[in-house]
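# Remarks on the overall topology
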Amino acid sequence: MFNKICIIGVGLIGGSIARAAREQGLCHHIVAFGRKKGIENLRTAKRLGVIDEYYFDIERAVKNADCVIVCTPVGVIEQIFRQLKPFWNKQTIYTDAGSTKGSVIEAARTVFSKVPNNFIPAHPIAGAENSGVEASQVDLFKNKRLIVTPVNSSCPQALSKVVEFWKKIGSNISVMDVDHHDAVLAATSHLPHVIAFALVNLLGKKDQQGDVFKYAAGGFKDFTRIASSDPTMWLDICNANRKEIIPLIQQMQLELKNIEQMLDNNENQQLLETFTHAKKARQRFLNQFDNHMSQSITFNVQPGGSLRGEIRVPGDKSMSHRSIMLGSLAEGTTHVTGFLNAEDALATLQAFRAMGVEIEGPENGKVTIHGVGKHGLKEPKEPLNLGNSGTSMRLLSGLLAGQTFNSVLTGDKSLSSRPMKRVTEPLLKMGANIETQADGTAPLKITGTSSLKGIDYEMPMASAQVKSCLLLAGMYANGETTVKEPAPTRDHTERMLNGFSYPVIREGNKARINSEGKLLAVDIDVPSDISSAAFFLVGASIAPDSDITLKHVGVNPTRTGIIEILRLMGAKIEVLNERTVGGEPVADLRVVSSQLKGIEIPEELVPLAIDEFPVLFVAAACAEGETKLTGAKELRVKECDRIQVMADGLKILGVDAQATEDGMIIQGKVVDSISGGEVESHDDHRIAMSFSIAGLKATAPITINDCENVNTSFPEFRELAMKLGLKLK
Ligand code: S3P
């Protein structure tokens, strides 16, 4: 990537960057600039092979360098900029590794009058107990976060080169604005360091310190590890970010004061709640941390096998989203069981926490929502990041359009490319202030209003998300809102609203709502997700000698298209123990192997099986004769273009699959229907799981790349699939 890198300040961080850059082959030469006082350290750096040469003269150090990385404590960065200024080269990329960013930007402005566009501020979130170049490690930044904080004038090429450099070193990159970076770091790093220093100071001052330290065990060591960090550096950081740190110290004092009072007054219940709350919050942090640290996952499926046994797949995704939304708006406490503990549903949960709703869990599928009432949500301090979840974004857009506060909705790469005009256009008609990007995608910017008006809307496409969005907006609109659907779509919103005592009138293909109602908390039992069960409904049908039972599956008639389509293809599926749980039909599904046959899929079943087509295409590949799907254009705008991606993948696996504008034509084969091969999941959980199921009828192993997205809807997929007999690694 670079010919010559010049590191200014080769300590732990600078040394580790140099080692990693060298190991990854990112440059030819690495030199360092330092002060004469630091000669011993520079000599060590050279002796260890961390750098090729060092200089005390900055002109010589940066000469012909195409990358300069400032790794000094933040307090001296202004002085370094002054030294660099006479030799500043427009072709060179400059970056830094400072722990605070506001002060670095300010230093650049002071010296250069504006931030040079080839200086890209960055901060690797990594450290170690020891400092100095001897402590430097080649993998210090591997799987750690690296935050870049570009400014408006930053040159895009320089930014992408810095990002690429850190990616190659193994870091996970986040882009943030400068103030946000400093606020986040003050809370998660700077305050903990201050507290660790303070605690060790307190105990260290005591007369009997020898005794105290003698009995201090693992807890003390864990808690105070960071008090071993370099004091000069921390002096610098605290000074540079004092604006953010001081209010946090004050909040911490209040927190301690509260605990003191609870102890003093024997308020054990409150104390227990405080500790429990903290434990839960830490668990959430650990879960997030694990997700963030997770490596790219590749599924490898060995060919053949059969599925046998009894399982319960996780909770329904659509209902889990809605339970959080309506539970939050309800008066009273809602207890949810069977909640889907997967990324999509958690995105909704986090969004409501960010709007001030206290939500406990999920723990073993249990979530407790302390409802704030229909008008009790608070303005989120930051954009709500909804990850991969289309349902969260589209439903929330309606709900938030009717709030009096402002909000911004963002999502990941896949969600940010999905069409949002289908919700914003009717919302605009209702008087909402909502903006998409120029191409009709997220981020969505919503300006609050209290003057929505009801509309009579006929949806151009059969979409439960659009319908639900408008019904939620209708709860805040003057007059009545009516939504008419061209074909039946899932009706969980209507059912659950009624469950929460909010009136929604359903007449044929219309649903009506108005603002005269309130939600009363109710307990919700979320059944298993038929969309997750679908993988095994197909798997057990196509794999010989299979016999499985899927327990407690939601069989709402607006979701059972998969059963109907598979039955038309000759599948043997029994619906057992039908019952109603919390207003939703539930049953156990028994499936045994059968020889499927190709069919023309009736178009009216498409919306009722909309999420199940990826795996239905696998069923079609193993069926005798042709299967034709039409009227399913919507599949092109799901988490990915599911028509194209499945056709491409199936072709790689030797299947004759022709994508059409609104569907697919597949020539199924009874024998040797699927060969082995390597396919991509294209950021789409259902594609990853569908190709895994194809392994049951393959003649050679199938590799599916980038399957971490399975966590979107079905984190237990691998475990349950293996339990039933899929040979998946
Ligand atoms: C969903 C509706 C469907 C479905 C999605 C979940 C919902 O989307 O594909 O996975 O929970 O309302 P559309 O409404 O866009 O068809």
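What counts as what
Residues numbered from 1 in each chain as written. Predicted model: local features only at pLDDT ≥ 70, side-chain atom pairs only at ≥ 80, totals over all residues. Heavy atoms only, no water. Buried < 20%, exposed > 50% of the residue type's maximum accessible area, 1.4 Å probe, protein only. Helix = DSSP H or I, 4+ residues; strand = E, 2+ residues; numbered from the N terminus. Arc of directions from axis to C-beta. Contact = heavy atoms within 4.5 Å. Polar contact = N/O pair within 3.5 Å; in protein donor to acceptor, adjacent residues only side chain to side chain. Domains from an automatic or database assignment. Buried area = accessible area lost by both parts, 1.4 Å probe. Salt bridge = Lys/Arg side-chain N within 4 Å of Asp/Glu carboxyl O. Nonpolar A, V, L, I, M, F, W, Y, C, P; charged D, E, K, R; others polar. Near = heavy atom within 4 Å. Areas by Shrake-Rupley, 256 points an atom, 1.4 Å probe, with all protein chains shown as cover. Pairing = 2+ DSSP bridges. Axes fitted to C-alpha atoms, helices over the stretch in contact; angles between N-to-C directions. Right-handed = clockwise from strand over helix to strand, strands pointing away. Phe/Tyr/Trp six-rings, centres within 6.5 Å; stacked < 30°, edge-to-face > 60°. Core = buried A, V, L, I, M, F, W, Y, C linked by side-chain atoms within 4.5 Å. Parallel < 35°, antiparallel > 145°, perpendicular 65-115°, else oblique. Left-handed = near helix turned anticlockwise from the far one by under 90°.

All right, on to helix H5 (residues 102-112) then. The complete set of buried residues in H5 reads Val104, Ile105, Ala107, Ala108, Val111 and Phe112. An end-on view of H5 places all buried positions within 160° of arc, on one side of the element. Considering only its buried residues, H5 is in contact with helix H4 (77-84), strand S5 (93-96), strand S6 (119-120) and helix H7 (178-205). Of the residues one or two after H5, serine 113 is the one with positive phi, at around 70°.

A separate point is helix H10 (residues 231-240). Every buried residue belonging to H10 is among Trp234, Asp236 and Ile237, and all of these are buried. Within H10, the buried residues cover an arc of 155° as seen down the axis, which keeps them to one side. In H10, the exposed positions that point more than 90 degrees away from the buried face belong to Pro231, Thr232 and Leu235. Check the buried side of H10 and you find it contacts H7 and helix H11 (242-264). Measuring from the side-chain oxygen of the N-cap residue of H10 to the backbone nitrogen of threonine 232 gives 3.2 Å; that N-cap residue is aspartate 230.

Time to look at the domain arrangement of the chain. By domain assignment, the chain separates into domain 1 (2-176), domain 2 (183-264), domain 3 (299-310 + 528-724) and domain 4 (317-525). Using only C-alpha atoms to locate each centre, domain 1 and domain 2 end up separated by 29 Å. Facing the 13 residues of domain 1 at the interface are nine residues of domain 2. Buried surface at the junction of domain 1 and domain 2, both sides included, amounts to about 910 Å², of which 68% is carbon and sulfur. It is Ser99, Thr100 and Glu129 that lose the most area in domain 1 upon contact with domain 2, and together they represent 45% of the buried surface on that side. The tally of links between domain 1 and domain 2 comes to zero salt bridges. Classifying every residue of the side of domain 1 that touches domain 2 gives six nonpolar, six polar and one charged.

Taken together, the neighbourhood of the ligand is formed by Ser318, Arg322, Thr391, Arg394, Ser463, Ala464, Gln465, Arg490, Ile610, Asp611 and Lys638. Within the side chain of arginine 322, an N or O atom sits 2.7 Å from an oxygen atom of the ligand. Contact between the ligand and serine 463: an oxygen atom at 2.8 Å from a side-chain N or O atom of the residue. When isolated, the ligand has an accessible area of 380 Å², and the protein chains bury 95% of it. Mapped onto the shell around the ligand, the elements with two or more residues apiece are helix H13 (317-329), helix H15 (390-401) and helix H17 (464-474). Residues belonging to the shell around the ligand are distributed by class as follows: two nonpolar, four polar and five charged.

Attention now moves to the environment of phenylalanine 33. By the element assignment, phenylalanine 33 lies in strand S2 (residues 27-33). With a relative accessible area of 6%, phenylalanine 33 lands in the buried category. Ignoring sequence-local partners within four residues, the contact set of phenylalanine 33 consists of Cys6, Ile7, Ile8, Gly9, Tyr55, Phe56, Asp57, Ile58, Ala61 and Gln83.

Here we have four strands laid out as an open sheet, ordered S19-S20-S22-S21, and mixed in their pairing. The open sheet has two edge strands with one neighbour each: strand S19 (456-458) and strand S21 (505-507). The sheet shows a mean angle of 15° between the axes of neighbouring strands, taken without regard to direction. Direction of pairing for S19 relative to strand S20 (residues 481-484): parallel, over a ladder of three bridges.

What follows deals with the sheet that holds strand S3 (residues 53-55). Pairing is parallel in the open sheet, where six strands are placed in the order S3-S2-S1-S4-S5-S6. On the outer flanks of this sheet lie S3 and S6, each paired with one strand and no other. The sheet contacts of helix H6 (residues 156-169) involve strand S1 (2-8), strand S4 (67-70), S5 and S6, and relative to S5 the element is tilted by about 55°.

Turning our attention to the pairing of strand S8 (residues 145-148). Regular strands place their side chains on alternate faces of the sheet. Where strand S7 (residues 122-124) lies against S8, three bridges are found, and the strand directions are antiparallel. Each residue of the ladder has a partner; that of histidine 123, found in S8, is isoleucine 147. Pairing geometry for S8 and strand S9 (residues 172-175), over four bridges, is parallel. Its bridge partner lying in S9, arginine 145 is registered against asparagine 172. For the crossover from S8 across H6 to S9, the handedness is right-handed.

If you trace the backbone, asparagine 514 turns up in the loop between strand S22 (510-513) and strand S23 (524-525). Placed 34 residues apart in sequence, asparagine 514 and glutamate 480 show a C-alpha to C-alpha distance of 4.7 Å. Those residues in contact with asparagine 514, other than ones at most four positions away along the chain, are Gly474, Met475, Gly479, Glu480 and Tyr502. Reaching out from asparagine 514, the side chain makes a polar contact with the backbone nitrogen of glutamate 516 at a distance of 2.8 Å.

What follows is about the packing of aromatic side chains. Scanning all chains against the criterion turns up 14 aromatic pairs. Ring geometry for phenylalanine 81 and phenylalanine 119: centres 5.2 Å apart, planes at 85°, overall edge-to-face. Of this pair, phenylalanine 81 sits in helix H4 while phenylalanine 119 sits in strand S6; the two residues are 38 residues apart in sequence, bridging distant segments of the chain. We classify phenylalanine 81 as buried; its relative accessible area is 2%.

Looking now at the nonpolar core. Core analysis: the largest hydrophobic core is formed by 82 residues, its most contacted members being Phe536, Leu566, Phe613, Ile674 and Phe717. The dominant element in this core, judged by the number of residues it contributes, is helix H19 (residues 530-542), at nine residues. Setting aside residues up to four positions removed in sequence, phenylalanine 536 forms contacts with Leu307, Ile311, Val313, Ile548, Leu550, Ile693, Phe714, Phe717, Leu720, Ala721 and Leu724. Grouped together as the second largest cluster of nonpolar side chains are 65 residues, Phe352, Leu395, Met475 and Val526 included.

Attention shifts here to the packing of H13 against helix H18 (residues 492-499). Across the interface, H13 lies against H18 with an axial gap of 10 Å and an inter-helix angle of 40°. In this view, H13 runs oblique relative to H18, as classed from their interaxial angle. Relative to H18, H13 is oriented so that their crossing is right-handed. Between H13 and H18, the residues in contact are Ser318, Met319, Arg322, Ser323 and Leu326 and His492, Thr493, Met496 and Leu497, respectively.

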